[in-house]
Amino acid sequence: MPKTFPTPKLVIFDCDGVLVDSEPASNQAMADNLARHGLDLTLEQAMAYFTGGTMAGVMAKARSLGADLPENWIAEIYAETYARLKEGIPLTKGIPDLLARLDAHGIPACVASNGSEEKMRITLGQNGLWERFHPQAMFSAQSLGVAKPEPGLFLAAASHFGVQARDYLVIEDSGSGVTAAVRAGMRCLGYAPQGGGGRLTALGAEVFNDMAEVPALLSI
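Residues numbered from 1 in each chain as written. Predicted model: local features only at pLDDT ≥ 70, side-chain atom pairs only at ≥ 80, totals over all residues. Heavy atoms only, no water.

Asks: I'd love a proper account of the nonpolar core, names of residues and values included.
Replies: With 73 residues, the main nonpolar core has Phe13, Leu34, Leu102, Leu124, Phe133, Tyr168 and Ile171 as its most contacted residues. If one sorts the elements of this core by residue count, helix 4 (residues 73-85) sits on top with five residues. The contact partners of Leu34, leaving out residues within four places of it in the chain, are Leu39, Leu41, Phe50, Ala62, Ala67, Leu69 and Trp73. (Core = buried A, V, L, I, M, F, W, Y, C linked by side-chain atoms within 4.5 Å. Buried < 20%, exposed > 50% of the residue type's maximum accessible area, 1.4 Å probe, protein only. Helix = DSSP H or I, 4+ residues; strand = E, 2+ residues; numbered from the N terminus. Contact = heavy atoms within 4.5 Å.)

Asks: I'd like to hear about helix 3 (residues 55-64), residue by residue, with values.
Replies: Taken residue by residue, helix 3 has Met55, Val58, Met59 and Ala62 as its buried positions. In a view along the axis of helix 3, the buried residues occupy a sector of 100°, so they form one face of it. Turned more than 90 degrees from where helix 3 packs its buried face, Ala56 and Ser64 sit exposed. Buried residues belonging to helix 3 abut helix 1 (23-36), helix 2 (43-50) and helix 4. Downstream of helix 3 by a residue or two, Gly66 has a phi angle that is positive, lying close to 115°. (Arc of directions from axis to C-beta.)

Asks: Before we move on, could you go through the pairing of strand 5 (residues 187-191) and cite the residues and values that matter?
Replies: Across the five residues of strand 5, five count as buried, placing the element largely inside the fold. Alternating positions in strand 5 separate into two faces, Arg187, Leu189 and Tyr191 on one and Cys188 and Gly190 on the other, with burial throughout. Relative to strand 5, strand 4 (residues 168-172) is paired through four bridges, and the arrangement is parallel. Opposite Val170, over in strand 5, you have Cys188 as the bridge partner. With helix 10 (residues 175-183) bridging strand 4 and the parallel strand 5, this β-α-β connection has right-handed handedness. Here three bridges tie strand 5 to strand 6 (residues 206-208), and the two strands are oriented parallel to one another. Residue pairing for strand 6: Tyr191 is matched across the bridge by Phe208. Note on the crossover from strand 5 through helix 11 (residues 198-203) to strand 6: the handedness is right-handed. (Pairing = 2+ DSSP bridges. Right-handed = clockwise from strand over helix to strand, strands pointing away.)

Asks: So what's going on with the sheet that holds strand 1 (residues 10-13)? Residues and values would help.
Replies: Two modes of strand pairing occur in sheets, parallel and antiparallel, and in both the strands are linked by backbone hydrogen bonds. If you walk across this open sheet you meet the six strands as 3-2-1-4-5-6, and the pairing is parallel. At either end of the open sheet lies a strand with only one pairing partner, and these are strand 3 (138-140) and strand 6. Across the sheet, the axes of successive neighbouring strands diverge by a mean angle of 25°, strand direction being ignored. Examined bridge by bridge, strand 1 and strand 2 (residues 109-113) share three bridges and lie parallel to one another. Pairing of Val11 across the sheet is with Ala109, part of strand 2. Here helix 5 (residues 95-104) sits on the sheet and contacts strand 1, strand 2 and strand 4; the angle it forms with strand 1, its principal contact strand, is near 160°. (Axes fitted to C-alpha atoms, helices over the stretch in contact; angles between N-to-C directions.)

Asks: Just give me the short version of the pattern of salt bridges, but keep the residues and values in it.
Replies: Following the criterion strictly, the structure yields eleven salt bridges and no others. When the shortest N-O distance is used, the salt bridge between Lys148 and Asp14 registers 3.0 Å. In this pair, Lys148 is assigned in the loop between helix 8 (141-144) and helix 9 (152-161) and Asp14 in the loop between strand 1 and helix 1, connecting sequence segments 134 residues apart. Classification of Lys148 by relative accessible area gives buried; the value is 5%. Looking at Asp14, the relative accessible area reads 7%, which means it is buried. A salt bridge links Arg187 to Glu206; its shortest N-O distance comes to 2.7 Å. Within this pair, whereas Arg187 is found in strand 5, its partner Glu206 is found in strand 6, the two being separated by 19 residues in sequence. The class for Arg187 is buried, based on a relative accessible area of 15%. (Salt bridge = Lys/Arg side-chain N within 4 Å of Asp/Glu carboxyl O.)

Geometry only, nothing functional implied.
Written out as structure tokens, the structure is:
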């Protein structure tokens, strides 16, 4: 028989790639920038290398791959990425219905991201979610000084809501996010909209492909 879980007392969403479909735009901006610094990558390669990472980690990885990056590169790539995101980023399909279902069942939700609050203001602000989550239910690695794959970001969220790790659930799309959830001792759903998801499964996530599947996985 399939394993059953109690209904969670808190759902923590990653932002990029989970709440908003921002990864293609962000990583295209990354690929375009790195091409000017001597590293040619396809969009698919950029997403494979950099999704879920901190910008300092992305910088180190890009340099290891041969990019000649200036010391002020992080400020440069933030500016270019934000400009690209301001052109328009949609919510992930199914997110409005899922949030409404959580509200109907009285289950609180928050967002925990390795990205900055400024980035979330751009992406979530376009879609009416900035006001929902900010500031009481928004946790940024840049603000808190602890990033995935370390568990501290999720543990800070749990502490804020007074919920023990075993009673909350994380929805993630990156290996670093899944690893952080597992290290925090929480259940994690791994969102893989293009299919596959073998890496997320190997890291400990329960993989799903469509947000419409989540209510059944949460028993709501």
